[in-house]
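Residues per chain are reported as follows:
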Amino acid sequence: MKRKNNAKLQNKIAMITIYCLVGTVCLILLGILGYILGTGLPHVSWHFLTSESSSFQAHGGIRDQLFNSLYLLVLTLIISVPIALGAAIYLTEYARDNWLTNLLRTMIEVLSSLPSIVVGLFGYSLFVIKFELSFSILAGALTLTFFNLPLLTRNIEEALRTVPATQREAGLALGLSYWKTVYGVVLPSALPGIITGIVLSAGRIFGEAAALIYTAGQSNATVSYTDWNPFSPTSFLNVMRPAETLAVHIWKVNSEGLIPDATLVASATAAILVIVVLIFNVSARALGNFIYKKITSAR
(Lines give C-alpha, C1' and ligand atoms only; values in the text may rest on other atoms or scores of the structure.)
Protein backbone atom coordinates (compact mmCIF):
# COMPACT_ATOMS: atom_id res chain seq x y z
CA MET A 1 0.00 0.00 0.00
CA LYS A 2 2.84 2.37 0.88
CA ARG A 3 4.58 1.68 -2.44
CA LYS A 4 1.33 2.28 -4.27
CA ASN A 5 0.84 5.63 -2.53
CA ASN A 6 4.44 6.61 -3.32
CA ALA A 7 3.90 5.73 -6.99
CA LYS A 8 0.76 7.87 -7.12
CA LEU A 9 2.59 10.77 -5.44
CA GLN A 10 5.50 10.52 -7.88
CA ASN A 11 3.06 10.43 -10.79
CA LYS A 12 1.29 13.57 -9.53
CA ILE A 13 4.61 15.38 -9.06
CA ALA A 14 5.73 14.41 -12.55
CA MET A 15 2.44 15.55 -14.10
CA ILE A 16 2.50 18.85 -12.22
CA THR A 17 6.10 19.44 -13.33
CA ILE A 18 5.24 18.69 -16.96
CA TYR A 19 2.22 20.99 -16.88
CA CYS A 20 4.31 23.75 -15.32
CA LEU A 21 6.98 23.42 -18.02
CA VAL A 22 4.39 23.42 -20.80
CA GLY A 23 2.64 26.41 -19.22
CA THR A 24 5.95 28.28 -18.98
CA VAL A 25 6.70 27.69 -22.66
CA CYS A 26 3.19 28.81 -23.63
CA LEU A 27 3.46 31.95 -21.49
CA ILE A 28 6.82 32.84 -23.06
CA LEU A 29 5.43 32.38 -26.59
CA LEU A 30 2.27 34.34 -25.78
CA GLY A 31 4.38 37.07 -24.19
CA ILE A 32 6.58 37.39 -27.28
CA LEU A 33 3.59 37.39 -29.64
CA GLY A 34 1.69 39.81 -27.41
CA TYR A 35 4.61 42.22 -27.27
CA ILE A 36 5.24 42.17 -31.05
CA LEU A 37 1.57 42.48 -31.99
CA GLY A 38 0.79 44.94 -29.21
CA THR A 39 3.56 47.33 -30.20
CA GLY A 40 3.19 46.91 -33.96
CA LEU A 41 -0.50 46.56 -34.83
CA PRO A 42 -1.54 50.04 -33.62
CA HIS A 43 0.74 51.52 -36.29
CA VAL A 44 -0.49 49.30 -39.15
CA SER A 45 -2.81 51.03 -41.61
CA TRP A 46 -3.88 50.75 -45.22
CA HIS A 47 -1.49 53.57 -46.08
CA PHE A 48 1.34 51.67 -44.42
CA LEU A 49 0.59 48.53 -46.46
CA THR A 50 0.15 50.25 -49.82
CA SER A 51 2.73 53.05 -49.84
CA GLU A 52 6.42 53.05 -50.71
CA SER A 53 9.09 52.86 -48.06
CA SER A 54 11.08 55.95 -47.13
CA SER A 55 14.81 56.19 -46.53
CA PHE A 56 14.87 59.53 -44.70
CA GLN A 57 11.31 60.77 -44.09
CA ALA A 58 8.68 59.51 -41.68
CA HIS A 59 5.41 57.74 -42.52
CA GLY A 60 6.85 55.33 -45.08
CA GLY A 61 5.20 52.04 -45.99
CA ILE A 62 6.11 48.45 -46.86
CA ARG A 63 4.30 47.90 -50.17
CA ASP A 64 7.39 46.94 -52.16
CA GLN A 65 8.88 44.85 -49.33
CA LEU A 66 5.65 42.90 -48.96
CA PHE A 67 5.52 42.19 -52.69
CA ASN A 68 9.21 41.19 -52.76
CA SER A 69 8.69 38.74 -49.89
CA LEU A 70 5.78 37.07 -51.68
CA TYR A 71 7.65 37.09 -55.00
CA LEU A 72 10.71 35.43 -53.47
CA LEU A 73 8.51 32.92 -51.67
CA VAL A 74 6.71 31.81 -54.84
CA LEU A 75 9.91 31.66 -56.89
CA THR A 76 11.72 29.65 -54.20
CA LEU A 77 8.87 27.15 -53.89
CA ILE A 78 8.70 26.73 -57.68
CA ILE A 79 12.39 25.77 -57.66
CA SER A 80 12.62 23.76 -54.44
CA VAL A 81 9.36 21.76 -54.30
CA PRO A 82 9.98 19.58 -57.41
CA ILE A 83 13.57 18.88 -56.33
CA ALA A 84 12.57 18.04 -52.76
CA LEU A 85 9.66 15.88 -53.94
CA GLY A 86 11.90 13.91 -56.31
CA ALA A 87 14.60 13.43 -53.68
CA ALA A 88 12.06 12.31 -51.07
CA ILE A 89 10.45 9.82 -53.48
CA TYR A 90 13.86 8.37 -54.33
CA LEU A 91 14.94 8.05 -50.69
CA THR A 92 11.64 6.56 -49.57
CA GLU A 93 10.61 4.34 -52.47
CA TYR A 94 13.67 3.45 -54.54
CA ALA A 95 16.88 3.85 -52.54
CA ARG A 96 18.19 0.79 -50.75
CA ASP A 97 18.87 0.99 -47.04
CA ASN A 98 22.67 1.02 -47.07
CA TRP A 99 25.57 3.23 -46.08
CA LEU A 100 25.05 5.54 -49.05
CA THR A 101 21.44 6.40 -48.23
CA ASN A 102 22.35 6.74 -44.56
CA LEU A 103 25.10 9.15 -45.58
CA LEU A 104 22.65 11.13 -47.72
CA ARG A 105 20.19 11.41 -44.85
CA THR A 106 22.97 12.48 -42.50
CA MET A 107 24.06 15.17 -44.96
CA ILE A 108 20.47 16.39 -45.24
CA GLU A 109 20.23 16.58 -41.45
CA VAL A 110 23.48 18.57 -41.26
CA LEU A 111 22.45 20.96 -44.03
CA SER A 112 19.05 21.57 -42.43
CA SER A 113 20.77 22.74 -39.24
CA LEU A 114 23.16 25.19 -40.90
CA PRO A 115 22.81 28.83 -39.77
CA SER A 116 21.11 30.94 -42.40
CA ILE A 117 23.96 33.44 -42.46
CA VAL A 118 26.33 30.66 -43.56
CA VAL A 119 23.95 29.76 -46.39
CA GLY A 120 23.79 33.46 -47.28
CA LEU A 121 27.57 33.74 -47.52
CA PHE A 122 27.61 30.60 -49.67
CA GLY A 123 24.97 32.11 -51.97
CA TYR A 124 26.90 35.38 -52.12
CA SER A 125 30.12 33.60 -53.14
CA LEU A 126 28.42 31.31 -55.68
CA PHE A 127 25.53 33.22 -57.24
CA VAL A 128 26.42 36.88 -56.71
CA ILE A 129 30.16 36.68 -57.41
CA LYS A 130 30.86 33.44 -59.31
CA PHE A 131 27.75 33.42 -61.54
CA GLU A 132 27.60 37.25 -61.61
CA LEU A 133 23.90 37.44 -60.83
CA SER A 134 24.54 40.51 -58.68
CA PHE A 135 22.13 41.32 -55.84
CA SER A 136 18.88 40.10 -57.30
CA ILE A 137 15.66 38.20 -56.67
CA LEU A 138 17.04 35.22 -58.60
CA ALA A 139 20.18 35.02 -56.44
CA GLY A 140 18.03 35.24 -53.31
CA ALA A 141 15.61 32.57 -54.52
CA LEU A 142 18.43 30.16 -55.41
CA THR A 143 20.05 30.72 -52.03
CA LEU A 144 16.75 30.18 -50.22
CA THR A 145 16.38 26.96 -52.22
CA PHE A 146 19.61 25.66 -50.66
CA PHE A 147 18.37 26.87 -47.28
CA ASN A 148 14.92 25.30 -47.62
CA LEU A 149 15.66 22.11 -49.56
CA PRO A 150 17.02 19.86 -46.75
CA LEU A 151 14.15 20.50 -44.35
CA LEU A 152 11.53 20.30 -47.08
CA THR A 153 12.97 17.00 -48.30
CA ARG A 154 12.82 15.58 -44.77
CA ASN A 155 9.21 16.74 -44.32
CA ILE A 156 8.08 15.17 -47.59
CA GLU A 157 10.02 11.98 -46.84
CA GLU A 158 8.31 11.65 -43.46
CA ALA A 159 4.92 12.22 -45.12
CA LEU A 160 5.62 9.42 -47.62
CA ARG A 161 6.74 7.07 -44.83
CA THR A 162 3.38 7.46 -43.08
CA VAL A 163 1.64 5.69 -45.98
CA PRO A 164 1.13 2.02 -44.96
CA ALA A 165 3.03 -0.61 -46.93
CA THR A 166 -0.25 -2.45 -47.54
CA GLN A 167 -1.35 0.31 -49.92
CA ARG A 168 1.79 -0.19 -52.01
CA GLU A 169 1.21 -3.95 -52.00
CA ALA A 170 -2.40 -3.45 -53.09
CA GLY A 171 -1.32 -1.32 -56.05
CA LEU A 172 1.26 -3.88 -57.14
CA ALA A 173 -1.27 -6.70 -56.72
CA LEU A 174 -3.58 -4.91 -59.16
CA GLY A 175 -0.87 -5.07 -61.80
CA LEU A 176 0.31 -1.47 -61.57
CA SER A 177 3.95 -0.67 -62.12
CA TYR A 178 5.90 0.56 -59.14
CA TRP A 179 5.97 4.14 -60.47
CA LYS A 180 2.21 4.11 -61.09
CA THR A 181 1.74 2.79 -57.56
CA VAL A 182 3.84 5.63 -56.19
CA TYR A 183 2.14 8.22 -58.41
CA GLY A 184 -1.44 6.97 -58.08
CA VAL A 185 -1.53 5.48 -54.58
CA VAL A 186 1.31 6.70 -52.35
CA LEU A 187 1.41 10.39 -53.34
CA PRO A 188 -2.37 11.00 -52.97
CA SER A 189 -2.32 9.34 -49.54
CA ALA A 190 0.68 11.42 -48.44
CA LEU A 191 -0.65 14.64 -49.98
CA PRO A 192 -1.96 16.18 -46.71
CA GLY A 193 1.43 15.75 -45.03
CA ILE A 194 3.27 16.98 -48.12
CA ILE A 195 1.17 20.15 -48.34
CA THR A 196 1.58 20.76 -44.61
CA GLY A 197 5.36 20.49 -44.96
CA ILE A 198 5.36 22.87 -47.95
CA VAL A 199 3.24 25.49 -46.21
CA LEU A 200 5.33 25.32 -43.02
CA SER A 201 8.52 25.69 -45.04
CA ALA A 202 6.91 28.66 -46.81
CA GLY A 203 6.55 30.38 -43.44
CA ARG A 204 10.23 29.73 -42.76
CA ILE A 205 11.21 31.21 -46.13
CA PHE A 206 8.96 34.24 -45.69
CA GLY A 207 10.64 35.26 -42.44
CA GLU A 208 14.24 34.71 -43.55
CA ALA A 209 16.58 37.69 -43.44
CA ALA A 210 20.25 36.77 -43.00
CA ALA A 211 20.55 34.74 -46.20
CA LEU A 212 18.93 37.53 -48.25
CA ILE A 213 21.11 40.37 -47.00
CA TYR A 214 24.03 38.95 -49.00
CA THR A 215 22.05 37.83 -52.07
CA ALA A 216 18.81 39.73 -52.72
CA GLY A 217 20.30 42.96 -51.43
CA GLN A 218 19.23 45.73 -49.08
CA SER A 219 18.26 48.35 -51.65
CA ASN A 220 14.77 48.27 -53.07
CA ALA A 221 13.52 49.23 -56.52
CA THR A 222 10.03 50.67 -56.77
CA VAL A 223 7.55 47.98 -57.83
CA SER A 224 6.09 48.74 -61.24
CA TYR A 225 3.03 47.39 -63.03
CA THR A 226 5.05 44.66 -64.74
CA ASP A 227 6.16 43.39 -61.32
CA TRP A 228 2.54 42.85 -60.32
CA ASN A 229 1.51 41.37 -63.67
CA PRO A 230 2.91 37.83 -64.16
CA PHE A 231 1.56 37.77 -67.72
CA SER A 232 3.64 40.73 -68.84
CA PRO A 233 6.27 39.69 -71.45
CA THR A 234 8.94 41.66 -69.59
CA SER A 235 8.07 40.58 -66.07
CA PHE A 236 10.61 37.72 -66.05
CA LEU A 237 13.40 40.31 -66.27
CA ASN A 238 12.42 41.57 -62.83
CA VAL A 239 14.14 38.59 -61.22
CA MET A 240 17.43 40.38 -61.88
CA ARG A 241 16.56 43.45 -59.80
CA PRO A 242 17.48 43.82 -56.10
CA ALA A 243 14.70 43.13 -53.64
CA GLU A 244 14.41 44.10 -49.99
CA THR A 245 12.04 41.82 -48.09
CA LEU A 246 10.10 42.48 -44.90
CA ALA A 247 12.63 40.76 -42.65
CA VAL A 248 15.56 42.58 -44.27
CA HIS A 249 13.63 45.85 -44.01
CA ILE A 250 13.27 45.38 -40.25
CA TRP A 251 17.00 44.79 -39.90
CA LYS A 252 17.88 47.73 -42.15
CA VAL A 253 15.55 50.21 -40.45
CA ASN A 254 16.82 49.29 -36.99
CA SER A 255 20.51 49.22 -37.95
CA GLU A 256 20.55 52.51 -39.91
CA GLY A 257 18.04 54.51 -37.90
CA LEU A 258 17.85 57.24 -40.55
CA ILE A 259 14.09 57.74 -40.55
CA PRO A 260 12.49 59.56 -37.59
CA ASP A 261 9.92 56.82 -36.91
CA ALA A 262 12.31 53.88 -37.35
CA THR A 263 11.07 52.12 -34.20
CA LEU A 264 7.42 52.40 -35.22
CA VAL A 265 8.09 51.19 -38.78
CA ALA A 266 10.14 48.23 -37.52
CA SER A 267 7.46 47.28 -34.96
CA ALA A 268 4.63 47.48 -37.51
CA THR A 269 6.63 45.51 -40.09
CA ALA A 270 7.43 42.85 -37.47
CA ALA A 271 3.73 42.57 -36.62
CA ILE A 272 2.83 42.04 -40.30
CA LEU A 273 5.58 39.45 -40.63
CA VAL A 274 4.41 37.53 -37.56
CA ILE A 275 0.78 37.61 -38.74
CA VAL A 276 1.70 36.21 -42.16
CA VAL A 277 3.81 33.43 -40.61
CA LEU A 278 0.94 32.57 -38.23
CA ILE A 279 -1.41 32.42 -41.22
CA PHE A 280 0.98 30.01 -42.93
CA ASN A 281 1.07 27.74 -39.88
CA VAL A 282 -2.69 27.77 -39.25
CA SER A 283 -3.49 27.27 -42.93
CA ALA A 284 -1.06 24.33 -43.07
CA ARG A 285 -2.99 22.49 -40.39
CA ALA A 286 -6.39 23.43 -41.79
CA LEU A 287 -5.47 22.52 -45.36
CA GLY A 288 -3.88 19.24 -44.33
CA ASN A 289 -6.92 18.21 -42.29
CA PHE A 290 -9.30 19.25 -45.10
CA ILE A 291 -7.45 17.23 -47.75
CA TYR A 292 -7.13 14.24 -45.41
CA LYS A 293 -10.89 14.25 -44.77
CA LYS A 294 -11.59 14.56 -48.50
CA ILE A 295 -9.31 11.66 -49.35
CA THR A 296 -10.50 9.38 -46.56
CA SER A 297 -14.20 10.16 -47.16
CA ALA A 298 -13.79 9.47 -50.88
CA ARG A 299 -12.64 5.99 -50.05
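Every value quoted in this text rests on a predicted model; they were computed, and no experiment measured them.

Peer 1: Looking at this structure, I do not really get the overall build of the protein chain. What am I missing?
Peer 2: Helices and strands together make up the secondary structure of the protein chain, namely 12 helices and 0 strands. Along the protein chain, helices and strands appear, N-terminal first, in the series α-α-α-α-α-α-α-α-α-α-α-α. Going through the 299 residues of the protein chain one by one, you find that 40% of them count as buried. For the protein chain, the exposed surface amounts to about 17,000 Å²; the carbon and sulfur share of it is 69%.

Peer 1: Please clarify how the UniProt feature "transmembrane region" (unreviewed entry) in the protein chain should be interpreted in this entry.
Peer 2: What UniProt calls "transmembrane region" (unreviewed entry) maps, in this numbering, to residues 12-37, 70-91, 103-127, 133-152, 182-206 and 264-284. The span residues 12-37 is 100% helical and 0% strand by assignment, and the distance between its end C-alpha atoms comes to 37 Å. Within residues 264-284, the helical portion is 100% and the strand portion 0%, while the C-alpha atoms at the span's ends are 30 Å from each other.

Peer 1: Help me understand the nonpolar core, please; the structure alone is not making it clear to me.
Peer 2: Proteins that are soluble and globular tend to have nonpolar side chains buried together. L73, L77, I156, L160, I194, F206 and F280 are the most contacted members of the largest nonpolar core, which totals 57 residues. Listing elements by their share of this core, those giving two or more residues are α3 (63-94), α6 (137-161), α8 (178-206), α9 (210-213), α11 (246-256) and α12 (262-298). Once you skip the residues sitting within four places of it in the chain, F206 turns out to touch L66, S69, L70, L73, L246, L273, V276 and F280.

Peer 1: Where do I start with the packing of aromatic side chains in this structure?
Peer 2: Ring pairs (aromatic) are described by centroid distance and by the angle formed between their planes. As enumerated under the stated definition, the model contains 8 aromatic pairs in all. Taken together through their ring pairs, the aromatic side chains of F122, F127, F131 and F146 make up a single cluster. Here the basic side chain of R204 rests over the ring of F147, its NZ or CZ set 4.1 Å away from the ring centre.

Peer 1: In this structure, what is going on with helix α4 (residues 99-112)? I would like to understand it.
Peer 2: An α-helix turns once every 3.6 residues. As a result, residues three or four positions apart point the same way. Taking 1.5 Å of rise per residue, 14 residues should cover 20 Å, and α4 covers 20 Å from first to last C-alpha, within 8% of that figure. Those residues of α4 lying buried are T101, R105 and I108. Along α4, the residues classed as buried sweep out an arc of 55° about the axis, all on the same side.

Peer 1: Can you help me understand the packing of helix α7 (residues 165-173) against α8 in this one?
Peer 2: Axis angle and axis distance: for two packed helices, these are the angle between their axes and the distance between the axes, and together they describe the pair. Put simply, α7 and α8 touch, their axes get as near as 9 Å, and they point 140° apart. Classified by the interaxial angle, the pair formed by α7 and α8 is oblique. For the crossing formed where α7 meets α8, the hand is right-handed. Across the interface between the two elements, Q167, R168, G171 and L172 from α7 touch Y178, T181, V185, V186 and S189 from α8. Of the residues in the contact of α7 with α8, the class split is 4 nonpolar, 4 polar and 1 charged.

Scoring rules and cut-offs
- Residues numbered from 1 in each chain as written.
- Predicted model: local features only at pLDDT ≥ 70, side-chain atom pairs only at ≥ 80, totals over all residues.
- Heavy atoms only, no water.
- Helix = DSSP H or I, 4+ residues; strand = E, 2+ residues; numbered from the N terminus.
- Buried < 20%, exposed > 50% of the residue type's maximum accessible area, 1.4 Å probe, protein only.
- Areas by Shrake-Rupley, 256 points an atom, 1.4 Å probe, with all protein chains shown as cover.
- UniProt positions renumbered as here; feature names shortened; annotations may be inferred.
- Core = buried A, V, L, I, M, F, W, Y, C linked by side-chain atoms within 4.5 Å.
- Contact = heavy atoms within 4.5 Å.
- Phe/Tyr/Trp six-rings, centres within 6.5 Å; stacked < 30°, edge-to-face > 60°.
- Lys NZ or Arg CZ within 6 Å of the ring centre and 35° of its normal.
- Expected span 1.5 Å × (residues − 1).
- Arc of directions from axis to C-beta.
- Axes fitted to C-alpha atoms, helices over the stretch in contact; angles between N-to-C directions.
- Parallel < 35°, antiparallel > 145°, perpendicular 65-115°, else oblique.
- Left-handed = near helix turned anticlockwise from the far one by under 90°.
- Nonpolar A, V, L, I, M, F, W, Y, C, P; charged D, E, K, R; others polar.

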